[in-house]
Amino acid sequence: MLHPRLYDMVWRAKQAGCRVGFTTNGTRLTRANGARLLEFGLDLIAVSIAGARAATHKAIRAGSDFGKLVANVKGFLELRKDAGSRTPKVKIFYLMTPGNLGELPQAVELAAELGDDELVATNLEYVINPELDALRAYAATPPERPKREALEAAEIAARRAGIAFRPYRLEFREMAVCDLNPLKILYIGSDGSVSPCVYTSLAGSAELPRVFEGRAHQVPVACFGNVNQRPLMEIWEDAAYREFRGRFARRVPSAAHALLGAAGGPEAEEAPPEACRSCPKLYGV
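These remarks concern the structure in this document. (Residues numbered from 1 in each chain as written. Predicted model: local features only at pLDDT ≥ 70, side-chain atom pairs only at ≥ 80, totals over all residues. Heavy atoms only, no water.)

## Some remarks on the packing of helix α5 (residues 104-114) against helix α7 (residues 145-161)
Argument step 1. Following both chains from N to C, one finds α5 and α7 inclined at 20°, their axes separated by 8 Å at the closest point. Judged by the angle between their axes, α5 and α7 are roughly parallel. Crossing handedness for the pair α5 and α7: right-handed. Two secondary-structure elements touch here, α5 through Leu 104, Pro 105, Val 108, Glu 109 and Ala 112 and α7 through Ala 150, Leu 151, Ala 153, Ala 154, Ala 157, Ala 158 and Ala 161.
Argument step 2. Each residue belonging to the contact of α5 with α7 can be placed in one class, and the counts come to eleven nonpolar, no polar and one charged. (Axes fitted to C-alpha atoms, helices over the stretch in contact; angles between N-to-C directions. Helix = DSSP H or I, 4+ residues; strand = E, 2+ residues; numbered from the N terminus. Parallel < 35°, antiparallel > 145°, perpendicular 65-115°, else oblique. Left-handed = near helix turned anticlockwise from the far one by under 90°. Contact = heavy atoms within 4.5 Å. Nonpolar A, V, L, I, M, F, W, Y, C, P; charged D, E, K, R; others polar.)

Spelled out as structure tokens, the structure:
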């Protein structure tokens, strides 16, 4: 919401027939800005938090004012109600860490009190150094009992409050195709570069720094062209890009495998592209 042409971008995308949304920390979701977003027909706002208490949230979101964030979300939902609108959908995205999972049930209750549409418990998906690696809640092993109990308590709280609740997995399970499905989705960076998703690109860099399962990696970016130099559909149909997508297409289980209960896992003989092998998204978290 810092972008000076946010409303122009929303309007142009809506005019093109797109569903439009974005993620925000809630700081600038004031009543004035909220009224404009309602006017422009936004479809989704995702508000990111990292705790159900101000101290917990601020320990991870340095400089964020939790009280102001909550007040802004409440004010926007009141504006939406007064306008008699059911859109944009407002979702709270709760970043799970080892230190805040115990507050997840309270976060569900807070979201319900505000009138939020859904709470999504997310993971720290892009880890670039050991400090961030210490904040991830997921692992290759089954979650410990306190983590399981926190998720179960959050699910119970959601049912009682009547709010949708969607937690991400806390244990690796390799997927045939991740939920950022590169067969259907692409990402255009600020410099015009075209990549399969935000986790396979870093503007101005040839490599992606990652820490995966405690080990540091330097992964080559997956960039297939630039929209400032070539038409988007020409880039999409580029042979190298088609081969990248083909690896995932060949990993998708057949209908026969799905009937046998094999859906979701990869075909063993087809390895994922190199840019994806150390990405947590490939492992369902």
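Further notes follow.
## A look at unusual backbone geometry
Argument step 1. Note that the residue after Thr 87, namely Pro 88, is joined by a cis bond; omega there is 0°.
Argument step 2. Residue placement: Pro 88 occurs in the loop between α4 (66-82) and β3 (89-95).
Argument step 3. One non-glycine residue, Glu 213, lies in positive phi territory at about 55°.
Argument step 4. Inspection of the secondary structure puts Glu 213 in the loop between β8 (207-212) and β9 (215-220).
Argument step 5. Its relative accessible area of 36% is what places Glu 213 among the partly exposed residues. (Buried < 20%, exposed > 50% of the residue type's maximum accessible area, 1.4 Å probe, protein only.)

## Observations concerning empty space enclosed by the protein
Argument step 1. If you walk through the whole model with that rule in mind, you get three cavities of 30 Å³ or more.
Argument step 2. Looking at the largest cavity, its volume works out to about 120 Å³.
Argument step 3. Together, 15 residues line the largest cavity, and Cys 178, Cys 197, Thr 200, Cys 276 and Cys 279 are the ones closest to its centre.
Argument step 4. Split into classes, the residues belonging to the lining of the largest cavity amount to twelve nonpolar, one polar and two charged.
Argument step 5. By volume, the second largest cavity is sized at about 60 Å³.
Argument step 6. Every residue lining the second largest cavity is listed: Ile 49, Leu 69, Val 70, Val 73, Ile 92, Ala 107, Leu 110, Ala 111 and Leu 114.
Argument step 7. Secondary-structure elements contributing two or more residues to the lining of the second largest cavity are α4 and α5.
Argument step 8. In terms of residue count, α5 provides more of the lining of the second largest cavity than any other element does, four residues in total.
Argument step 9. A class-by-class count of the residues in the lining of the second largest cavity yields nine nonpolar, no polar and no charged. (1 Å grid on protein atoms, 1.4 Å probe; cavity = no way out; pocket = protein on both sides within 12 Å on 5 of 7 lines; lining within 4 Å. Points joined across faces, edges and corners; volume = space filled by probe spheres on them.)

Just distances and angles here, no functional claims.
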